[in-house]
Amino acid sequence: MRIAFFGPPGAGKGTQALMLADKTKHKHISTGAMIRDAMKAKTPIGEAARTYMDEGVLVPDHLVQQLAQLAIEENQLDCFILDGFPRTLPQARWLNAFLAEHGTPLHAILSLVVPDEIIIDRLSKRRVHAETGVNYHLDFKPPPKDIDPSLIIQRPDDKPEAIRKRLAVYHQQTEPIESYFRDIGLLIEVDGVGTFDEVQHRIDVAIEKARERYYAALER
Ligand code: AMP
């Protein structure tokens, strides 16, 4: 199938998308991870993206689209789960046109719905191990007692002020694509509040609905 995840930062897209990709043997395509890899490898796209990433703003559409296109084509335009792409209206329109051109439209865009207050609470309680990068949550997954507390840090972009800024960017630049996908009948909303397993179950139900809707449309 061809699925894209959509939702605010901290909605759980990354973890759910990874788990779904693993379970269904689909390719997980995260533009954020691809940009970070390109920066590490110092490729021209990585170098061009660096200043935007460092400032915490969106990387220009043409750069991200090149990365997304490469990953989608590498996977023969099928069996992929997009995570963090599209994030702007031009990216959404480009993706739709690109896939339509190849006769391989998206099956669905899954929107994980989580209110801002819950996002702020979730992200502000996130902590990271400075050396291993393992994530913890002060309430749900506290760091083990035998870890040196000075190694457990809060990412600068997880501080409440930074979270509010990321949410503002999301509402301003990313949210408009929700109505775009709703209008073309691809959006499926999934309640993103609850335990990981509860949300995962709702995603499975949504995927089934997308599959049925896609094949019903083909028969018409
Ligand atoms: P993520 O790992 O998805 O949170 O992405 C980290 C950063 O990469 C974002 O804050 C953006 O600067 C950049 N990024 C990732 N995906 C996109 C996208 N689709 N469009 C623009 N910038 C992106």
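Residues numbered from 1 in each chain as written. Predicted model: local features only at pLDDT ≥ 70, side-chain atom pairs only at ≥ 80, totals over all residues. Heavy atoms only, no water.

**What to know about the pairing of strand 1 (residues 2-6)**
Now for step 1: In terms of residue burial, strand 1 counts as a mostly covered element, since five of its five residues are buried.
Now for step 2: Neither face of strand 1 is open: one carries Arg2, Ala4 and Phe6, the other Ile3 and Phe5, and all of them are buried.
Now for step 3: Pairing of strand 1 with strand 3 (residues 80-83), which is carried by four bridges, proceeds in the parallel orientation. Bridging from a neighbouring strand, Arg2 pairs with Phe80 of strand 3. (Buried < 20%, exposed > 50% of the residue type's maximum accessible area, 1.4 Å probe, protein only. Helix = DSSP H or I, 4+ residues; strand = E, 2+ residues; numbered from the N terminus. Pairing = 2+ DSSP bridges.)

**Remarks on unusual backbone geometry**
For residues other than glycine, phi is negative in most cases, and the peptide bonds are mostly trans.
Now for step 1: In this model, Phe85 is joined to Pro86 through a cis peptide bond whose omega is 0°.
Now for step 2: Looking at the element boundaries, Pro86 is found in the loop between strand 3 and helix 5 (89-101).
Now for step 3: Here Lys25, not a glycine, exhibits a phi torsion of approximately 60°, which is positive.
Now for step 4: Note on placement: Lys25 falls in the loop between helix 1 (13-24) and strand 2 (27-30).

**A short note on the pattern of salt bridges**
Now for step 1: A complete count under the given rule lists 13 salt bridges for this structure.
Now for step 2: Note that Arg126 is salt-bridged to Asp158, the shortest N-O span being 2.8 Å. Placement of Arg126 in strand 5 (residues 126-129) and of Asp158 in the loop between strand 7 (152-153) and helix 7 (160-174) is noted, with a sequence separation of 32 residues between them.
Now for step 3: A residue is classified by how much of its surface remains accessible, and Asp158, at 0% relative accessible area, is buried.
Now for step 4: In this structure, the salt-bridge partner of Arg211 is Glu208, at a minimum N-O distance of 3.5 Å. Remark: Glu208 and Arg211 occur in helix 9 (residues 196-219); sequence separation between them is three residues, near one turn of the helix.
Now for step 5: Residue classification places Glu208 among the partly exposed positions, given a relative accessible area of 36%.
Now for step 6: Connected through shared salt-bridge partners, Arg126, Arg155, Asp158 and Arg166 make up one network. (Salt bridge = Lys/Arg side-chain N within 4 Å of Asp/Glu carboxyl O.)

**Let's talk about the site of the ligand**
Now for step 1: Near the ligand you find 13 residues, and of these Thr31, Val57, Gly84, Arg87 and Gln91 are the closest.
Now for step 2: Side-chain polar atom of Arg87 to a nitrogen atom of the ligand: 3.0 Å apart, as the coordinates give it.
Now for step 3: For the shell around the ligand, the element with the most residues is helix 2 (residues 31-40), which contributes four residues.
Now for step 4: Here the shell around the ligand is composed, by residue class, of seven nonpolar, four polar and two charged. (Near = heavy atom within 4 Å. Polar contact = N/O pair within 3.5 Å; in protein donor to acceptor, adjacent residues only side chain to side chain. Nonpolar A, V, L, I, M, F, W, Y, C, P; charged D, E, K, R; others polar.)

**Here's the deal with helix 4 (residues 61-74)**
Now for step 1: A rise of 1.5 Å per residue sets the reference length of helix 4, with its 14 residues, at 20 Å; its end C-alpha atoms lie 20 Å apart and thus fit the reference within 8%.
Now for step 2: Buried within helix 4 are the following residues: Leu63, Val64, Gln65, Leu67, Ala68, Ala71 and Ile72.
Now for step 3: Structurally, helix 4 contributes buried residues whose contacts are with strand 2, helix 2, helix 3 (44-55), strand 3 and helix 5.
Now for step 4: Just downstream of helix 4, Gln76 is the residue with a positive phi angle, here 55°. (Expected span 1.5 Å × (residues − 1). Contact = heavy atoms within 4.5 Å.)

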